[in-house]
Amino acid sequence: MEGQWLGGVEEEIDEASGKVYLPPCQVACPIGEDIQRTNAMISLLPLDAQEASSQIIKIGDEIYEKNPLFTVCSYICGLCEKECNYKDQTGAIRRKLLKRFLIDYYQPYLETKAPLPSPTKERIALIGGGPGSLMCAYMLSKKGYRVSILERGSELGGALRYIPPYRLPKNILDAALNSLVRIAHIEVKLGVKMGDSGKTLDNLKNEGYRAVFIATGTPLPRPLTIGREPVAGQDLEGVMFGLNLLSDVNQGIAPPRLFQGKRVIVVGGGNVAFDVARVARRLSGDVSIVCLECEDKCSKDGIPADVEEIEGATEEGIRIIYSRGVEEIIGEDGKFKKIKCPRCKSVFDESGFNPKFDYSNVIYLEGDVLLVTIGQGPERTFFQQEGLLNERGRL
């Protein structure tokens, strides 16, 4: 293997095969940001403030060219940090914080950044207003296509709108989306419903769209199951989906002390579950998290939430109960009272997600509110109506 620096990026080239091996941080990045290069550029900023400011804009432009949502990623991503070569030595390079340093200077400039050349090619419709459609619209606009985003809600952002403001400030998200729409000449149509008495693909074709990109996401929360059967008691008062709580908070309709004096149990071990738990804590709840996974993140059954989420929850006084499932939701007078939790022996096997339980080892957890946050799924009605699913119900 021969190592060499190309434009500030270290690449390993296998002399026998000619294959190029990229840094693990760049491989981990879903859109392949040239992370080492821009990190090095930041480290070499000149001492003169005016020159440094000018250089920061150039670095920001380079990142923006590939990732127009990098100002958002600076708050919520960090996949590169998990694979950093230094993570087990001196600690991972804090890429998110470096990006936040950039946006202190780049964000004001972004509001006046010159737009892309006006598109002249065919019209393309993008269904859904989340990050998938926004990125696709940007890439198509760069290629000269006229793009329209059709969003059924009242604002763009999709799943980004569920992220609590303590993690992703609303002004950062709004500024990023508004700038992207302007720069990429994106036509935005809000309140557009697809399928089920709404528009069809034929309607879009008749309106002059030559292609359609569908990115409707996974907006439906998954109900609790055990052994592929629904867990009893999910219709009790006090049982709700955590995703709905995040939506209420985003819309400003959740009272600031919604859970004061209440014991709140959150079921789930991912980042969204921790978002829900930490939001519930901020709404004055006494919060516990119950998850299938174990505490050891190095295990195949380790909890999937980010370390900073787990540490943040612990510092905020949230209890985490590992390796427990929910067999039954028990109520009294129609209201949630407690859950029956068998020990989870394993979460995954050779076939994938397939939890195994020890039903002789059970604990009961009492509470006033149960927030189910174990994942999301897609809405299938539109896909079914358009004949986009196969006999197994898959795209």
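Residues numbered from 1 in each chain as written. Predicted model: local features only at pLDDT ≥ 70, side-chain atom pairs only at ≥ 80, totals over all residues. Heavy atoms only, no water.

J.: Could you give an account of the overall build of the protein, naming the residues involved and the relevant values?
T.: Counting its secondary structure elements, the protein contains 13 helices and 19 strands. For 395 residues, the compact-globule estimate of 2.2 N^0.38 gives 21 Å, and the C-alpha radius of gyration of the protein, at 24 Å, lies within 12% of that figure. Each principal axis of the C-alpha atoms in the protein carries an extent, and together these give about 65 × 60 × 50 Å. A buried classification covers 42% of the 395 residues belonging to the protein. (Helix = DSSP H or I, 4+ residues; strand = E, 2+ residues; numbered from the N terminus. Rg over C-alpha atoms; globule rule 2.2 N^0.38 Å. Buried < 20%, exposed > 50% of the residue type's maximum accessible area, 1.4 Å probe, protein only.)

J.: Describe the pattern of salt bridges, with residues and values.
T.: Applying the stated rule across the entire model yields 24 salt bridges. Between Glu33 and Lys99 there is a salt bridge, with its nearest N and O atoms 3.0 Å apart. Linking Glu33 in the loop between helix 1 (24–28) and helix 2 (35–43) with Lys99 in helix 6 (residues 95–110), this pair joins segments that are 66 residues apart in sequence. The pair formed by Glu33 and Lys99 is uniform in burial state, with each residue classed as buried. Across the pair Arg278 and Glu309 runs a salt bridge, and its minimum N-O distance is 3.3 Å. Here the residue Arg278 occupies a position in helix 11 (residues 271–282), and Glu309 occupies one in helix 12 (residues 307–315), the gap between them amounting to 31 residues. A relative accessible area of 9% means that Arg278 is categorised as buried. (Salt bridge = Lys/Arg side-chain N within 4 Å of Asp/Glu carboxyl O.)

J.: Tell me about the nonpolar core, and name the residues and values.
T.: In terms of nonpolar packing, the biggest core is built from 40 residues, with Ile59, Tyr64, Leu126, Ile149, Leu168, Leu180 and Ile186 touching the most fellow members. Where this core is concerned, the elements lending two or more residues are helix 2, helix 3 (49–66), helix 4 (70–76), helix 6, strand 4 (123–127), helix 7 (131–142), strand 5 (146–151) and helix 8 (170–183). Of all the elements, helix 8 adds the most residues to this core, at 7 residues. Listed in part, the 24 residues of the second largest apolar core include Val279, Ile289, Cys291 and Leu371. (Core = buried A, V, L, I, M, F, W, Y, C linked by side-chain atoms within 4.5 Å.)

J.: Report on the side chain of Ser148, specifying residues and quantitative values.
T.: Structurally, Ser148 is set in strand 5. A polar contact of 2.5 Å, which involves the side chain of Ser148, links it to the side chain of Glu187. A distance of 3.2 Å separates the side chain of Ser148 from the side chain of Tyr209, its partner in a polar contact. Not counting chain neighbours up to four residues away, the residues in contact with Ser148 comprise Arg123, Ile124, Ala125, Leu126, Glu187 and Tyr209. (Polar contact = N/O pair within 3.5 Å; in protein donor to acceptor, adjacent residues only side chain to side chain. Contact = heavy atoms within 4.5 Å.)

J.: Tell me about the packing of aromatic side chains, residues and numbers included.
T.: Any pair of aromatic rings gets described here by the distance separating the centres and the angle formed by the planes. The tally for this structure, following the rule as stated, stands at 8 aromatic pairs. Between Phe70 and Tyr106 the ring centres are 5.5 Å apart and the planes differ by 45°, which places this aromatic pair in the tilted class. With Phe70 in helix 4 and Tyr106 in helix 6, this pair connects stretches of sequence that are 36 residues apart. Of the two residues, Phe70 and Tyr106, both sit in the buried class. One aromatic cluster in this structure is built from Tyr64, Phe70, Tyr106, Tyr109 and Tyr138. In this structure, Arg100 packs its charged tip against the face of Tyr75, placed 4.3 Å from the ring centre. Over the ring of Tyr209 we find Arg123, and its NZ or CZ is 4.2 Å from the ring centre. (Phe/Tyr/Trp six-rings, centres within 6.5 Å; stacked < 30°, edge-to-face > 60°. Lys NZ or Arg CZ within 6 Å of the ring centre and 35° of its normal.)

J.: I'd like a description of the sheet that holds strand 18 (residues 369–372), backed by residues and values.
T.: With parallel pairing, the 5 strands of this open sheet are ordered in space as 11-18-12-13-14. Pairing within the sheet leaves two strands with one partner each, and these edge strands are strand 11 (239–241) and strand 14 (319–321). For this sheet the average axis-to-axis angle between neighbouring strands, irrespective of direction, equals 25°. Set on the sheet, helix 10 (residues 242–251) makes contact with strand 11 and strand 18; between it and strand 11 the angle comes to about 70°. The strands touched by helix 11 within the sheet are strand 12 (263–267), strand 13 (286–290), strand 14 and strand 18, with strand 13 carrying the most contacts at an inclination of about 165°. (Pairing = 2+ DSSP bridges. Axes fitted to C-alpha atoms, helices over the stretch in contact; angles between N-to-C directions.)

J.: Tell me about the side chain of Lys113, residues and numbers included.
T.: Here Lys113 shows up in the loop between helix 6 and strand 4. Not counting chain neighbours up to four residues away, the residues in contact with Lys113 comprise Asp61, Tyr64, Tyr106, Arg182 and Ile183.

J.: With reference to specific residues and values, describe the environment of Lys143.
T.: Structurally, the position occupied by Lys143 is in the loop between helix 7 and strand 5. The exposed category is assigned to Lys143, whose relative accessible area is 53%. Sequence-wise, Lys143 and Leu116 are 27 residues apart; in three dimensions their C-alpha atoms are separated by 9.8 Å.

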